[in-house]
Structures are given as C-alpha cells and as structure tokens.
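# Close look at the chain arrangement
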Amino acid sequence: MREVFDVLVIGAGPGGTQAAVSAAHQMRHVLLLDASKVSRRRGRAYWSKTVKIEDAPVFAGITGAQFAKALQGWTVGQPERTIRRGGEERMAGIRRADGFALDLERLDDRTFELTYATEALSRDGQVGATTTARGRTVVVASGFEDGWPDIETNDSAARMYRKYQLVYRYAGNSRGWHLCIRCDGHLHVDEHLAVVGVGDYIFEVVQGAQDFTDRITVLTNGRPHGMSPQVLAALRERGTELDEGKIEAHIGQGLNLLGFRMADGRELFFDGFFVDEGLKANDEFLHRFDVAHADDGLLRCSADHEVLDSSGEPIPGLWAAGDIVAGERNLIASAFASGQDAGLEASDSLRRWAAPAEIGTGDLPPHAD
Ligand SMILES: Cc1cc2nc3c(=O)[nH]c(=O)nc-3n(C[C@H](O)[C@H](O)[C@H](O)COP(=O)(O)OP(=O)(O)OC[C@H]3O[C@@H](n4cnc5c(N)ncnc54)[C@H](O)[C@@H]3O)c2cc1C
C-alpha cells in the first residue's frame, strides 16, 4: 500500500509552516515540502539580510535567515508519530522533506500525487533525482518571486544569481534594494527615496511612502513612464519627481547602495531604494489544473482559501496560503493567518462525518448576568 498523507503542504515559509502545524494539531499526517536546500527559492523573508523583521507576531526583531530557522524549529513540536484512534493505528504529525515541487496530478477524487526534485537543481535549472508523494489534500504556499530591475544584468549568464549578483548584493540591507515599502519604509523617515518601476502600478509604492517621507523620485530606468494622466497628475501634485533616464550602474560601497550612474553621465544619490517590477507566482507545478490568476499574477482563492478555477469554482482538495494568494497583504502575519485557515480547512475536509444539513441553535444555555 502506498503511503497517503492527509495534507501535502508545498512551501515552508510562514504560510506553509502554519498550515502544516495547524493541520498536524488536528492529528493529521502532513508532508511539508521545503525547497530552500534544493533551489534558490528560499522564501521572501529570507532575503531580509541585515534589516530585522520587526512586525511579525511573537518574534522579536529577527533577520531572514534566523526567521527561517525559527520556523523550522517550530515544526518540531508536531513530530511525525503513530497514534491510536478508534481502535486503529495511524500516522499524525509533520514530516519535513527537502524538495522542489515539479508536478501535481489528481489520481482520483481522494488522491493527489506530487512529483518533486530531491537533489539541488543544476545551475541552469536541470532536474536530477525526483520522487513522488501522495496526499488527500494539498495546501499551496510557495509564494512568489519578485521582478528585479534591469541594471547591470548580463543576458549571457544563465545563472540567475550571476545575472543579478550585484542586485542581490545590495538587497535586504538597510541601505540597499528594498521590495516592500510597508516592511522597510520605517528605515528612511524624512529621507530621499528612489522608487524604480513604471505604470500606475508603481504609484502604490509612492502612496505607501507618504507614511515615511515626502521626498520621492520615481525612476523608470529608460522606459516611458506608462502612467495614466490621473496618476501622473497625482504624482505632480504631491511633488514626486519623475526621471525617465536609463540607469547604467549602481554606485555603492560595501553592502550599501548609494545611488546610480545614469547613461547620460549624471550621478544620482538617494537614501533608500525601492523597486517594484512585478512578481511571478511560484505555481508552475499546477499546470494540470485550470487555476485562475488575478491581475497581479497571484492565485484567485475563495474566502476559505480554496483555489478557484477559471469559472470561479473551488478546485476540490486544493487550498492556498500566504503571498501566493491574490489580495493578501504580502506580509508575515497575514501569511500565518491564511496558513492557519488553509491548514484547518484542508484538515476539516477530511472529517468522517459532517454536521446535519439543517442545524439550528437548539436551546441556548442561559447567560449568567
Ligand atoms: C526583503 C524582504 C523583507 C521583508 N520584510 C518583511 C517584514 O519586515 N515584515 C513582514 O511582515 N513581511 C516582510 N516581508 C514579506 C514576507 O517575507 C512575506 O510576506 C512572507 O514571507 C510570505 O510568506 P509565504 O509563506 O507566503 O511565502 P515565502 O516566505 O516566500 O515562502 C515560500 C516558500 O515556498 C518555497 N517554494 C517556492 N517554490 C517552491 C516549489 N516549487 N516547491 C516547493 N517549495 C517551493 C520557498 O522555498 C519558500 O520556502 C519581506 C519580504 C522581503 C522580500
């Protein structure tokens, strides 16, 4: 008999870890797939290198690497074990596996099969050894990848990190590239911010930045600004500068990004650097499913975090949690909250019996005055 987990959780960031812990807490047997050792996808929080995350529940100021370790430690409280229930032995708790999800297939109404890479992906993304795991439900918590600015990139280099090594060097530091105005805006109160991006989309960063500073320059990096007249007017009204020059190189010192050398020879200096070049959901392994994406590229889900298909119907057995869900805050506390919801919903769907279709309140106990 092949082993069938109650819940397969894909992604071990805050969303997936919480989903796994919540389901295991209801005596479910959970496989928690962690891609961080076999791929460069380490979860968004990991990239917070010297900037401490200060607004996550329970954790005092913590950098990305410490946070990933703490999440891993948390799952130890729900070890994989045999329990006796209703006279039968069965498995409960969390098994962690290092693996990168490649393909999810529905075998029948009650079984999914997940294929995942168990060896580090090669430098050009080639897959080595793989294995499969089966589950009755799935929680997708694999997050998204941020787009990076096209500055000092080398198209001939196949490796992502070589291509973007300068960008990565400056990312996640207090004076480096920031990806989230809500997370890192507090580091630059009343300072001059560079915001790199185009279109009305980038206005959200400028709008968020008003909590911290009024000194903002939007740099389009050589592209037309692409903003609608209303957004452009709003920028002008707020005194936000717009620079459509091409950025040729970073000007930096150590891990500190100081400014940009522009193609026209100017040197521009700023105190903080925010970028929003769009994002991409990490959901290639769902290619067999008719999943629906919202305008931001993330998974459309119901209020109960069921993944929706293109006609708006829930896909049975499939939930999602964290950043990959469209319309979420893209912050740690909201990833925990949706992870809890998705983990419990997946767990509840496995109950042997449901409440009667019509359920009234019966006689309520009297309230004590
Ligand atoms: C630089 C930076 C600083 C931030 N600072 C803050 C902050 O101060 N406060 C705050 O609240 N939020 C902050 N955030 C946002 C926060 O990190 C995210 O909202 C949060 O990590 C989302 O959790 P998640 O579990 O949904 O996704 P992630 O944390 O991105 O985790 C996704 C997981 O899925 C795995 N994965 C991806 N693809 C696959 C696959 N194919 N197979 C298996 N696993 C896969 C990854 O390895 C990863 O472990 C910051 C983000 C960044 C980038």
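Criteria and cut-off values
- Residues numbered from 1 in each chain as written.
- Predicted model: local features only at pLDDT ≥ 70, side-chain atom pairs only at ≥ 80, totals over all residues.
- Heavy atoms only, no water.
- Domains from an automatic or database assignment.
- Contact = heavy atoms within 4.5 Å.
- Buried area = accessible area lost by both parts, 1.4 Å probe.
- Disulfide = S-S within 2.5 Å.
- Buried < 20%, exposed > 50% of the residue type's maximum accessible area, 1.4 Å probe, protein only.
- Near = heavy atom within 4 Å.
- Polar contact = N/O pair within 3.5 Å; in protein donor to acceptor, adjacent residues only side chain to side chain.
- Helix = DSSP H or I, 4+ residues; strand = E, 2+ residues; numbered from the N terminus.
- Pairing = 2+ DSSP bridges.
- Expected span 1.5 Å × (residues − 1).
- Arc of directions from axis to C-beta.
- Core = buried A, V, L, I, M, F, W, Y, C linked by side-chain atoms within 4.5 Å.
- Axes fitted to C-alpha atoms, helices over the stretch in contact; angles between N-to-C directions.
- Phe/Tyr/Trp six-rings, centres within 6.5 Å; stacked < 30°, edge-to-face > 60°.
- Lys NZ or Arg CZ within 6 Å of the ring centre and 35° of its normal.
- Left-handed = near helix turned anticlockwise from the far one by under 90°.
- Nonpolar A, V, L, I, M, F, W, Y, C, P; charged D, E, K, R; others polar.

### Examining the domain arrangement of the protein
- If you check the domain split of the protein, you get domain 1 (4-145 + 278-348) and domain 2 (148-275).
- Here the C-alpha centre of domain 2 lies 31 Å away from the C-alpha centre of domain 1.
- Contacts between the two partners involve 13 residues from domain 1, matched on the other side by 16 residues from domain 2.
- Between domain 1 and domain 2, a total of about 1,300 Å² is buried, with carbon and sulfur atoms accounting for 55% of that surface.

### Remarks on the state of the cysteines
- The tally for this structure, following the rule as stated, stands at 1 disulfide.
- There is a disulfide in this structure between Cys-180 and Cys-183, and the S-S distance comes to 2.3 Å. Torsion about the S-S bond of the Cys-180 and Cys-183 cystine: about 70 degrees, corresponding to right-handed handedness.
- Given a relative accessible area of 15%, Cys-180 falls into the buried group.
- Taking relative accessible area as the criterion, Cys-183 reaches 30% and is therefore assigned partly exposed.

### Structural notes on the site of the ligand
- As a matter of local geometry, the ligand sits amid 31 residues, with Arg-41, Arg-44, Asp-55, Ala-101 and Asp-323 nearest to it.
- A distance of 2.8 Å is found between an oxygen atom of the ligand and a backbone nitrogen or oxygen belonging to Arg-44.
- With respect to the ligand, the side chain of Asp-55 contributes an N or O atom lying 2.7 Å from a nitrogen atom.
- Only helix 1 (14-25), strand 5 (100-108) and helix 8 (332-348) provide two or more residues apiece to the shell around the ligand.

### Describing the pairing of strand 13 (residues 247-253)
- Pairing of strand 13 with strand 14 (residues 256-262) involves 6 bridges; the strand directions are antiparallel. Residue pairing for strand 14: Ala-249 is matched across the bridge by Arg-261.
- Here strand 13 hands over to strand 14 after 2 residues, with Gly-254 in that stretch at a positive phi of 60 degrees.

### Section: the environment of Leu-71
- On the secondary structure map, Leu-71 appears in helix 2 (residues 64-74).
- Along the sequence, Leu-71 and Pro-14 sit 57 residues apart, while their C-alpha atoms lie 7.0 Å from each other.
- Among residues more than four places away in sequence, those in contact with Leu-71 are Ala-12, Gly-13, Pro-14, Thr-17, Arg-96 and Phe-336.

### Some points on helix 8
- Here helix 8 contains 17 residues, and its C-alpha end-to-end distance of 24 Å stays within 8% of the 24 Å for a straight helix at 1.5 Å per residue.
- Ile-332, Ser-334, Ala-335, Phe-336, Ser-338, Gly-339, Ala-342, Gly-343, Ala-346 and Ser-347 are the residues of helix 8 that are buried.

### Some words on helix 7 (residues 229-237)
- Buried within helix 7 we find Val-231, Leu-232, Ala-234 and Leu-235. In an axial view of helix 7, the angular spread of the buried residues amounts to 160 degrees, which keeps them on one side of the axis. Opposite the packed face of helix 7, turned more than 90 degrees from it, sit the exposed residues Pro-229, Gln-230, Arg-236 and Glu-237.
- Elements in contact with the buried residues of helix 7: helix 6 (203-209), strand 11 (216-219) and strand 12 (241-243).
- A positive backbone phi angle near 80 degrees is found at Gly-239, which sits one or two residues after helix 7.

### Here we look at unusual backbone geometry
- The phi dihedral of Met-27 falls on the positive side, at around 70 degrees, and the residue is not glycine.
- On the secondary structure map, Met-27 appears in the loop between helix 1 and strand 2 (29-34).

### Looking at the nonpolar core
- Core analysis: the largest hydrophobic core is formed by 29 residues, its most contacted members being Val-140, Leu-286, Leu-299 and Leu-318.
- Within the residue set of this core, elements represented by two or more residues are strand 1 (4-10), strand 2, strand 5, strand 6 (111-117), strand 7 (130-140) and strand 19 (314-320).
- Setting aside its immediate chain neighbours within four residues, Leu-286 contacts Leu-104, Val-140, Val-291, Leu-299 and Leu-318.
- Counting residues in each nonpolar core, the second largest holds 19 residues, with Val-167, Tyr-170, Leu-219 and Met-262 among its members.

### What to know about the sheet that holds strand 14
- Taking strand neighbours across the sheet as the criterion, the 3 strands line up as 13-14-15 in an open arrangement whose pairing is antiparallel. One side of each edge strand has no neighbouring strand; the edge strands of this open sheet are strand 13 and strand 15 (267-269). Strand-to-strand twist in this sheet, taken as the mean axis angle between neighbours without regard to direction, amounts to 30 degrees.

### Re the packing of aromatic side chains
- Applying the stated criterion across every chain yields a total of 13 aromatic pairs.
- Measuring from centroid to centroid gives 6.5 Å for Phe-59 and Phe-336, while their planes differ by 15 degrees, and the two rings are stacked. Placement of the pair is Phe-59 in the loop between strand 2 and helix 2 and Phe-336 in helix 8, with a sequence separation of 277 residues.
- Using a relative accessible area of 9% as the deciding quantity, one classes Phe-336 as buried.
- The residue whose ring lies beneath Arg-40 is Tyr-168, and the NZ or CZ to ring-centre distance is 5.2 Å.

### Brief notes about the packing of helix 1 against helix 8
- It is the contact of helix 1 with helix 8, at a shortest axis distance of 7 Å, that shows an interaxial angle of 35 degrees. Considering how the two elements wind past one another, helix 1 and helix 8 form a crossing that is right-handed. Seen from helix 1, the contacting residues are Pro-14, Gly-15, Gln-18, Ala-19, Ser-22 and Ala-23; seen from helix 8, they are Ile-332, Ala-335, Phe-336, Gly-339, Gln-340, Gly-343, Leu-344 and Ser-347.
- Residue composition of the contact of helix 1 with helix 8, by class: 7 nonpolar, 7 polar and no charged.

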